[in-house]
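Examination of the molecular architecture
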Amino acid sequence: MRVVYLADAPYIHTRRWVEHFAQLGWDAHVISFRPAAIEGATVHYVGGFEALGKARYVVHARRVRGLIETLRPDLLHALHLTSYGFLSGLSGFQPSIVSLWGTDVLEAPTVTPLHRWITRQALSRAGAITATGLRLAEATLPYVPEGKPVTVIPYGVDLDRFTPASRDGRGAGAHVTIGAASRLSPEKGFEHLLRAVAMLRDRGIALDVVLAGDGPSRAGLARLAEELGLRERVEFLGEVAHDDVPGVLQRLDIFAMPSTWEGFGVSALEASAMELPAVASDIHGIPDVVLDGETGLLVPPADVGALADAIARLAGDAALRRAMGAAGRAYVERAYRWQDNAALMERLYADVTSRRGL
């Protein structure tokens, strides 16, 4: 069986799905507008017209359709709606699946009427639709033809790789460390984290901050740390390979996700798998992955005072951190184990391909 993915090849979420099905014996191909190698798969890089930005997806639509026709897959799977999902719809190929990850539904349809039209067109032409969480699925339904289902298939955690680290002796009489491994972009809200840490310092609560990742906000965050007098307390690790993320999380006592929007939040699940309590924004898909008062604390987005209070509560109570961390690991084991989530996608593949030609 041959599956063709329309997706960004360098993206870790793409790589994990492609590698999973390649390991199951599928002949996996990826049509991508960014180049990268993926083990077990053939990547077809579509380059040119980069200066056009997202408009290049339309410019290359005929080329992409030709690649699909040449490859003659048994299944076409597009990852991300308003770019690759739109191309999937334009190709006219069936059977097809479009998987939604967040901004493609939470943000894109509100930008312009054209974006809203693209959203509706891509969803109406998809053979099947998946979303990573219940709230994202609910946000998708207004754009989906009546009666067409949205299947929730989470993007889970490999519990063999993300395992708890010993934190014996940490926290008592020492600085608590808070941080994250994430793209450093405006919607991640890390400026609010730095301001909250500075507020706590002024209250006599000292914390260290570790941020792994890169992105358009990194330089601004470094300047803000300097302005707030936190230069010695904030460490920027830069881009970190996904295989190295567990090592970063082992350094933390509290995981932070102060996002202003977030479609799902798998990084919070990875932290929970390592028994880290989370402080996160109560917005979009985050309540699907952080249970308020059980695996972490949720606060209103962009509310620095509330964020600081939540951090202070966890920083001052090692027993609460341990309890929430243990509950977080149990929650991931129960609902977000990667192998279980992958099995859901396997069943969808089998169902969609079995309907071919009917």
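The paragraphs below set out a description of the structure included in this document.

What follows covers the overall build of the chain. Assigned secondary structure in the chain consists of 15 helices and 13 strands. Taken along the three principal axes of its C-alpha coordinates, the chain extends 65 × 40 × 40 Å. Going through the 358 residues of the chain one by one, you find that 54% of them count as buried. Across the chain, every contact between residues at least 6 apart in sequence was considered, and the portion connecting residues at least 24 apart equals 67%. Carbon and sulfur atoms provide 51% of the accessible area of the chain, an area that totals close to 15,100 Å². Side-chain charges in the chain split into 37 positive and 41 negative, and the spacing between the mean points of these groups amounts to 5 Å.

Inspection of every chain in the model, using the stated rule, returns 14 salt bridges. Salt-bridge contacts for Asp-202 lead to Arg-201; the nearest nitrogen and oxygen are separated by 3.2 Å. Between Arg-233 and Asp-208 there is a salt bridge; the shortest N-O distance is 2.9 Å. Of this pair, Arg-233 sits in the loop between α9 (218-227) and β10 (234-238) while Asp-208 sits in strand β9 (residues 207-212); the two residues are 25 residues apart in sequence, bridging distant segments of the chain. Given a relative accessible area of 31%, Arg-233 falls into the partly exposed group.

Extensive coverage of helix α11 (residues 266-273) is indicated by the burial of 8 of its 8 residues. Along α11, the residues that are buried comprise Val-266, Ser-267, Ala-268, Leu-269, Glu-270, Ala-271, Ser-272 and Ala-273. Turning to α11, the residues buried within the fold contact α1 (12-23), β8 (176-181), α10 (245-249), β11 (254-257), α12 (286-289) and α14 (318-335). Positioned one or two residues after α11, Glu-275 has a phi angle of 60°, which is positive.

Between helix α13 (residues 304-315) and α14, the least distance of the axes is 6 Å, while the angle of their chain directions is 100°. Accordingly, the angle class assigned to the pair α13 and α14 is roughly perpendicular. Facing Arg-313, Leu-314 and Ala-315 of α13, the residues of α14 in contact are Leu-320, Arg-321 and Met-324.

Here we come to empty space enclosed by the protein. For the structure on display, the rule yields 2 cavities of 30 Å³ or more. Estimates place the volume of the largest cavity at around 50 Å³. If you go around the largest cavity, the residues you meet are Trp-17, Leu-79, Ser-99, Leu-100, Trp-101, Thr-130, Ala-131, Thr-132, Ile-153, Tyr-155 and Met-345. Contributions of two or more residues to the lining of the largest cavity are made by β5 (96-100) and β6 (128-131). Here the residues of the lining of the largest cavity are counted per class, giving 8 nonpolar, 3 polar and no charged. Quantified by volume, the second largest cavity comes out at close to 40 Å³. If you trace the second largest cavity, you find it lined by His-192, Pro-258, Ser-281, Val-299, Pro-300, Pro-301, Ala-302, Asp-303 and Leu-307. Its residues placed into classes, the lining of the second largest cavity shows 6 nonpolar, 2 polar and 1 charged.

Here we come to the sheet that holds strand β3 (residues 41-45). The strand order across the open sheet formed by 7 strands is β3-β2-β1-β4-β5-β6-β7, and the pairing between neighbours is parallel. The outermost strands of the open sheet, each flanked by one partner alone, are β3 and β7 (151-152). Here strand β2 (residues 27-32) runs beside β3; their pairing, made up of 5 bridges, is parallel. Its bridge partner lying in β3, Val-30 is registered against Val-43.

Let us now look at the layout of surface pockets. Estimated volume of the second largest pocket: approximately 370 Å³. Along the walls of the second largest pocket sit 14 residues, with Arg-15, Arg-16, Glu-19, His-20 and Gln-23 positioned nearest its centre. Sorting elements by how many residues they give to the lining of the second largest pocket places α1 first, with 7 residues. For the lining of the second largest pocket, the class distribution of residues is 3 nonpolar, 4 polar and 7 charged.

As a further point, take the packing of aromatic side chains. If you walk through the whole model with that rule in mind, you get 14 aromatic pairs. Arranged with centres 6.3 Å apart and planes meeting at 70°, the rings of Phe-86 and Trp-117 form a pair that is edge-to-face. Taken together, the residues span a long stretch of sequence, with Phe-86 in helix α4 (residues 81-91) and Trp-117 in helix α6 (residues 113-125) at a distance of 31 residues. Among the aromatic side chains, those forming a connected cluster through ring pairs are Trp-17, Phe-21, Trp-26, Tyr-155, Trp-338 and Tyr-349. Taking NZ or CZ as reference, Arg-16 lies 4.0 Å from the ring centre of Trp-338, over its face. The lysine or arginine in question, Arg-56, covers the ring of Tyr-57, its NZ or CZ lying 5.3 Å from the ring centre.

Analysis parameters
- In this numbering scheme, every chain counts its residues from 1 along its sequence in written order.
- pLDDT decides what is reported in this predicted model: residues at 70 or higher carry local features, side-chain atom pairs at 80 or more are listed and counted, and totals for whole chains, interfaces and linings draw on all residues regardless.
- Here the side-chain values reflect all heavy atoms present in the structure, with hydrogen atoms and water set aside.
- Numbering of helices and strands runs from the N terminus, with a helix taken as a DSSP run of H or I at least four residues long and a strand as a DSSP run of E at least two residues long.
- Exposure categories follow from relative accessible area, calculated using a 1.4 Å probe and restricted to protein chains: below 20% of the type maximum is buried, above 50% is exposed, and the middle band is partly exposed.
- Note on contacts: a residue pair is in contact if any heavy atoms of the two residues lie within 4.5 Å.
- Note on areas: these come from Shrake-Rupley sampling with a 1.4 Å probe, and a residue is covered only by the protein chains present in the view.
- Charge counting treats Lys and Arg as positive and Asp and Glu as negative, with His and both chain ends excluded.
- Where a charge sits is defined by one atom per residue type, namely NZ (Lys), CZ (Arg), CG (Asp) or CD (Glu).
- For this analysis, a salt bridge means a side-chain nitrogen from Lys or Arg found within 4 Å of a carboxyl oxygen belonging to Asp or Glu.
- Note on method: axes are straight lines fitted to C-alpha atoms, helices fitted across the in-contact stretch only, with angles between N-to-C directions ranging 0 to 180 degrees.
- Should an angle lie under 35 degrees it is considered roughly parallel, over 145 roughly antiparallel, and from 65 to 115 roughly perpendicular; all remaining angles are considered oblique.
- Residues are said to line a cavity or pocket when one of their atoms sits within 4 Å of a point; the points come from a 1 Å grid over protein atoms alone, cavities being sets where a 1.4 Å probe fits but cannot get out and pockets being open sets with protein on both sides within 12 Å along at least five of seven lines.
- Grid points are joined across faces, edges and corners, and a volume is the space filled by probe spheres set on the points.
- Each residue gets one of three labels, nonpolar for Ala, Val, Leu, Ile, Met, Phe, Trp, Tyr, Cys and Pro, charged for Asp, Glu, Lys and Arg, and polar for the others, Gly among them.
- Following DSSP output, two strands are said to pair if at least two bridges run between them.
- Pairing of aromatic side chains here covers Phe, Tyr and the six-membered ring of Trp, requires ring centres within 6.5 Å, and sorts the geometry by plane angle: under 30 degrees stacked, over 60 edge-to-face, intermediate tilted.
- Whether a charge sits over a ring comes down to the Lys NZ or Arg CZ being within 6 Å of the ring centre and within 35 degrees of the ring normal.

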